Structures are given as structure tokens and as C-alpha cells.
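Read off the chains here:
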Amino acid sequence: MKIAVCDDSREDRGALRALLEACGHDFEIREYGSGAELYADMGYVRECGIVFLDINMEGMDGLEAARRIKAELESQFHPGLWTASQGNLWKRI
């Protein structure tokens, strides 16, 4: 399964990658440091089973990236998980 992890914190991206890899599944994971970076790689995003997207980022934040991605995908179902972090504490929204 292809997974996209988008967070402006390199540490948080790494922590999520480690958690996913510890699951023991054969995931293909790409990391993005901004919403603009993620949006620029729509070819990959279209193939993802899951997109982890931080809400609070500089520049194009997660909400704007999600809005643009949703518009690109139109009616295609696309699962995602919104995340926001404080320090090392992950919260699901």
C-alpha cells in the first residue's frame, strides 16, 4: 500500500514512518515537508491508500492542501487521516 506522510516537522514524519514500518506490512511511504510539496506530487497521491496530513503548516497548510487535492480527485474516494501534533504527542482529529 502506498502512503503519503505530510508534516513540516521532520521529527514527526520520522516518528510516523517508524510507527508504520513497525507494523510489519509492505508499505511504500513518501514523506513531504509541506502541503505544496504534497500537492505537487498528485500522481503519487492518487495512488495512495492513506494520506497523513498535518493541519498546521507554514505556507500551504494541511486544510488548503486537502481542499486542492479533493478538487483534483473530484469524485474519486480518497481516505485520509488528519493529524496535528504538540511536541511528541500525536492527536487524531
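See the structure printed just above.
Model, not experiment: these values are computed from the prediction.

Novice: Help me out: how do you make sense of the side chain of Arg13 in this one?
Specialist: Structurally, Arg13 can be placed in helix α1 (residues 10–21). Accessibility expressed as a relative area gives 10% for Arg13, which makes it buried.

Novice: Which parts of the structure should I look at to understand α1?
Specialist: In this model, α1 (12 residues) spans 16 Å end to end at C-alpha, consistent with the 16 Å of a helix rising 1.5 Å per residue. Within the span of α1, buried status applies to Asp12, Arg13, Leu16 and Leu20. Down the axis, α1 shows its buried residues gathered within 100 degrees of arc, on one side only. Of the exposed residues in α1, the ones pointing more than 90 degrees away from its buried face are Arg10 and Glu11.

Novice: What exactly am I supposed to notice about the environment of Gly59 here?
Specialist: Tracing the backbone through its elements, the reader meets Gly59 in the loop between β3 (50–54) and α4 (62–73). Residues Gly59 and Ser34, 25 residues apart in the sequence, show an inter-C-alpha distance of 7.6 Å.

Novice: What exactly am I supposed to notice about the pairing of strand β1 (residues 2–6) here?
Specialist: One face of the sheet, then the other: side chains in a regular strand alternate in exactly this way. Burial analysis of β1 places 4 of its 5 residues in the buried class, which makes it a mostly covered element. Relative to strand β2 (residues 28–32), β1 is paired through 5 bridges, and the arrangement is parallel. Bridge pairing in β2 places Val5 opposite Glu31. Traced from β1 through α1 to β2, the parallel crossover comes out right-handed. Both β1 and β3 contribute to a ladder of 4 bridges, which runs parallel. Bridge pairing in β3 places Val5 opposite Phe52.

Reading the values: rules and limits
- Residues numbered from 1 in each chain as written.
- Predicted model: local features only at pLDDT ≥ 70, side-chain atom pairs only at ≥ 80, totals over all residues.
- Heavy atoms only, no water.
- Helix = DSSP H or I, 4+ residues; strand = E, 2+ residues; numbered from the N terminus.
- Buried < 20%, exposed > 50% of the residue type's maximum accessible area, 1.4 Å probe, protein only.
- Expected span 1.5 Å × (residues − 1).
- Arc of directions from axis to C-beta.
- Pairing = 2+ DSSP bridges.
- Right-handed = clockwise from strand over helix to strand, strands pointing away.

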